[in-house]
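Geometric and topological summary
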Amino acid sequence: MPSFTSPDQGDDLDACVLRFSDLDLKDTRLINPSSSLKAELDVCTKKKYSFAKKKAFALFVKTKEIPAPSFECKEKWWKCCQQLFRDQISIHRHAATQHADEICHQTASVLKQLAVTLNTSKNLKSEVNRNPLKEYFIYNHEVSAWLPDLSCFSPDELISGQGSDAGEVLLYYCYRDLEDPHWVCAWQTALCQHLYLTGKVRIATEGINGTVGGSKLATRLYVEVMLSCPLFKDYMCKDDFKTSKGGACCFPELRVGVFEEIVPMGISPNKISYKKPGIHLSPGEFHKEVEKFLSQANEEQSDTILLDCRNFYESKIGRFQGCLAPDIRKFSYFPSYIDKNLELFREKKVLMYCTGGIRCERGSAYLKAKGVCKEVFQLKGGIHKYLEEFPNGFYKGKLFVFDERYALSYNSDIVSECSYCGAPWDQYKLCSTPQCRQLILTCPACQRQGFTACCVTCQDKGRRLASSPTQSSFKEECECTARRPRIPSELTQQVRLPTSPEPQPDVGEDGPCLCEQQQFPRPSES
């Protein structure tokens, strides 16, 4: 992906991560750009020749970066021509003496592209309203132009370390208006395939929401590309990407798609916008607010509500102390839950949290729009960021994630129990009946006794399937969901932690769903 900016926009050399792969750098007529090429440029652009050369040089050096070993105080080294360079002076000297022709080609290409852009933009000035970002995308719309240069890496380097011990999973979202989500979808698909990443990315006119896994090298390159992209670089920073141990193995495939919402709340972004959320609190600020809330003698008479915006099977295995954890199965039920229990929030200060922050963005906007709360706050970066700072804080238990891992552990607390014997247990398994979409908490001892289904209904289904293999179709809903109210009422009890023993995964938040089309159950959109 070329990181091309107008000279008037500043010398942001760190944005130069990628090559101009869509230009013909082998055109020998461009080796010396002093004659015909310069003649094509207007007077203003001629003065910027040194800018283009500096950009080309920085671009070349940037593509040679590799992460430095952990024992080094420096963050990066450089590798070129089978040589290792540990400081900028040596890589700069090497590039200037050994790769002058390549940099000259690159400089000429930058100038040529700038010349065409400036000349054509005069005719399109009224159409694009002099918007530099729009002008940029008009001339760089090929997806291949937005992919990183991997010439200095072998496929083995990108693929190795994809396992759960050596690989990494990225979790992120970015709310910003996108004019062409389908182009972003094509680009993200190509980018993830280019880096051998799996996972899921949701794109909409309101932004992007992704969870991807692969080697640490691949995820690092992915972050660099995202932060250098003109669409997102002014809206995101490195801290917006949450990381955890994992890899490509955590997802069965790559799924990238365009949706109406980047997190499915079930209400059009035109009605409830991400642009009017609650007040963001850092993990430290949120920790102090929770501490103040828990120190009050009578939490039920408090003017504060600590609200978990996740689904019941998530809060079942981990939650903040003293929280209100709605017994809802999908985030799309959250608006109805608020409507049904609106009086509960009247004149209250609400502290909201979710896995990575994205559900709170529009969830808090919906609650604020009701006009009944005193104040609405949300945890910036979600539980993920909170646990990085306070692994032994007020959040107890595991953090549910929407992939093959099911949960992340930051502390030793177990807040849930086996559905059959009541022993402390918090490791989810899929119900043994293939057609069921339930997660079940059953300890090893109960599993050995054959208790592997979520309920009696599913146990019966399993027996019938075993005796009659041709009978393969059952309704997904079983005893677990049939007895649970779709929208629970909290009017008689402020703090209501999940009590139902059989969780049913349905929707992802920051970690979007994996496999709605697979026969066996997985968390899906809510």
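Residues numbered from 1 in each chain as written. Predicted model: local features only at pLDDT ≥ 70, side-chain atom pairs only at ≥ 80, totals over all residues. Heavy atoms only, no water.

**Some details on the overall build of the protein chain**
- Helix and strand counts for the protein chain stand at 18 helices and 18 strands.
- Counting only contacts in the protein chain whose residues sit at least 6 apart along the sequence, the fraction spanning at least 24 positions is 71%.
- Per element, the accessible surface of the protein chain, about 23300 Å² overall, is 49% carbon and sulfur. (Helix = DSSP H or I, 4+ residues; strand = E, 2+ residues; numbered from the N terminus. Contact = heavy atoms within 4.5 Å. Areas by Shrake-Rupley, 256 points an atom, 1.4 Å probe, with all protein chains shown as cover.)

**Quick look at the sheet that holds strand β9 (residues 279–281)**
- Reading across from one edge, β9-β13-β12-β10 is the order of the four strands in this open sheet, with parallel pairing throughout. Sheet topology places β9 and β10 (304–308) at the edges, where each strand pairs with a single neighbour. Adjacent strand axes in the sheet meet at a mean angle of 25° when their direction is disregarded.
- Sheet topology note: the β10/strand β12 (residues 349–353) ladder contains five bridges and is parallel. (Pairing = 2+ DSSP bridges. Axes fitted to C-alpha atoms, helices over the stretch in contact; angles between N-to-C directions.)

**As for unusual backbone geometry**
- At Tyr 196, a position not held by glycine, the phi torsion is positive, near 60°.
- The backbone of Tyr 406 shows a phi angle near 70°, a positive value even though the residue is not glycine.
- Secondary-structure assignment places Tyr 406 in the loop between β15 (399–400) and β16 (407–408).
- For Tyr 406, a relative accessible area of 11% puts it in the buried group. (Buried < 20%, exposed > 50% of the residue type's maximum accessible area, 1.4 Å probe, protein only.)

**Quick look at the environment of Phe 320**
- Tracing the backbone shows Phe 320 in strand β11 (residues 318–320).
- Exposure remark for Phe 320: the relative accessible area of 1% places this residue in the buried category.
- Distance from Phe 320 to Ile 383, taken between C-alpha atoms, is 9.2 Å for residues 63 residues apart in sequence.
- The residues contacting Phe 320, other than those within four sequence positions of it, are Phe 286, Val 290, Leu 306, Tyr 353, Leu 379, Ile 383, Tyr 386, Phe 394 and Tyr 395.

**Structural notes on the pairing of strand β5 (residues 198–204)**
- The buried fraction of β5 is high, at seven of seven residues.
- Residues Thr 198, Lys 200, Arg 202 and Ala 204 point to one face of β5 and Gly 199, Val 201 and Ile 203 to the other, with burial holding for every one of them.
- In this structure, β5 lies alongside strand β6 (residues 207–214), joined through seven bridges in antiparallel fashion. Across the sheet, residue Val 201 finds its bridge partner in β6, namely Gly 210.

**Regarding the sheet that holds strand β2 (residues 76–80)**
- Across the sheet, which stays open at both edges, the three strands sit in the order β1-β2-β3 with antiparallel pairing between neighbours. Only two strands of the sheet have a single partner each, and these edge strands are β1 (65–67) and β3 (83–85). Sheet twist, expressed as the mean angle between neighbouring strand axes with direction ignored, is 40°.
- Here β2 pairs with β3 via three bridges, running antiparallel. For Lys 79, the partnering residue across the bridge sits in β3 and is Leu 84.

**Looking at the packing of aromatic side chains**
- Applying the stated criterion across every chain yields a total of 21 aromatic pairs.
- Note on Phe 320 and Tyr 386: the rings are 4.8 Å apart at their centroids and 65° apart in plane angle, and the pair reads as edge-to-face. Of this pair, Phe 320 sits in strand β11 while Tyr 386 sits in helix α15 (residues 382–389), placing them 66 residues apart in sequence. We note that Phe 320, like Tyr 386, is buried.
- Pairing Phe 320 with Tyr 395 gives two aromatic rings, centres 5.4 Å apart and planes at 80°, and the pair type is edge-to-face. Pair noted here: Phe 320 is in strand β11 and Tyr 395 is in strand β14 (residues 395–397), with a separation of 75 residues, a long-range link.
- Its relative accessible area of 0% is what places Tyr 395 among the buried residues. (Phe/Tyr/Trp six-rings, centres within 6.5 Å; stacked < 30°, edge-to-face > 60°.)

**Topic: the packing of helix α3 (residues 49–62) against helix α4 (residues 88–98)**
- Viewed as axis vectors pointing N to C, α3 and α4 meet at an angle of 115°, and their least axial separation amounts to 11 Å. In this structure, α3 crosses over α4, and the sense of that crossing is right-handed. Within the contact between the two elements, α3 uses Phe 57, Phe 60 and Val 61 and α4 uses Ile 91, His 92, Ala 95 and Ala 96. (Left-handed = near helix turned anticlockwise from the far one by under 90°.)

**A short note on the pattern of salt bridges**
- Evaluation of the coordinates by the stated rule reveals 14 salt bridges.
- Between Lys 292 and Glu 289 there is a salt bridge, with its nearest N and O atoms 3.8 Å apart. One end of the pair is Lys 292 and the other is Glu 289, both in helix α11 (residues 283–295) and three residues apart, which spans about a single turn.
- Lys 292 sits in the partly exposed class, given a relative accessible area of 46%.
- Between Glu 388 and Lys 385 there is a salt bridge, and its shortest N-O distance comes to 3.5 Å. (Salt bridge = Lys/Arg side-chain N within 4 Å of Asp/Glu carboxyl O.)

**Let's talk about helix α14 (residues 358–369)**
- Relative to the 16 Å expected for 12 residues at 1.5 Å per residue, α14 spans 17 Å between its end C-alpha atoms, a close match to the ideal helical length.
- Among the 12 residues that make up α14, 10 are buried, leaving the element largely enclosed by the rest of the structure.
- Residues of α14 that are buried: Ile 358, Arg 359, Cys 360, Glu 361, Arg 362, Gly 363, Ser 364, Ala 365, Tyr 366 and Leu 367.
- Looking one or two places after α14, you find Gly 371, whose phi comes out positive at around 70°. (Expected span 1.5 Å × (residues − 1).)

**A look at the environment of Leu 158**
- Considering the arrangement of structural elements, one finds Leu 158 in helix α8 (residues 155–159).
- Judged by relative accessible area, which is 2%, Leu 158 ranks as buried.
- Sequence separation between Leu 158 and Lys 216 is 58 residues; the distance between their C-alpha atoms is 8.2 Å.

**Examining the confidence of the model for the protein chain**
- Counting all residues, the mean pLDDT for the protein chain is 79, and 72% of those residues have values of 70 or more.
- Below pLDDT 50 for its whole length, residues 123–128 participates in six contacts with residues either more than four positions away or in separate chains. (pLDDT = per-residue confidence, 0-100.)

**Digging into the nonpolar core**
- Membership of the largest hydrophobic core comes to 38 residues, with the highest contact counts inside it found for Trp 187, Leu 195, Tyr 222, Met 226 and Phe 232.
- Going through the elements one at a time, β4 (167–175), α9 (181–194), β5, β6 and α10 (216–228) are the ones with two or more residues in this core.
- Tallying contributions element by element places α10 first for this core, with seven residues.
- Within the second largest apolar cluster, 33 residues are counted, among which are Ile 272, Leu 344, Met 352 and Cys 373. (Core = buried A, V, L, I, M, F, W, Y, C linked by side-chain atoms within 4.5 Å.)

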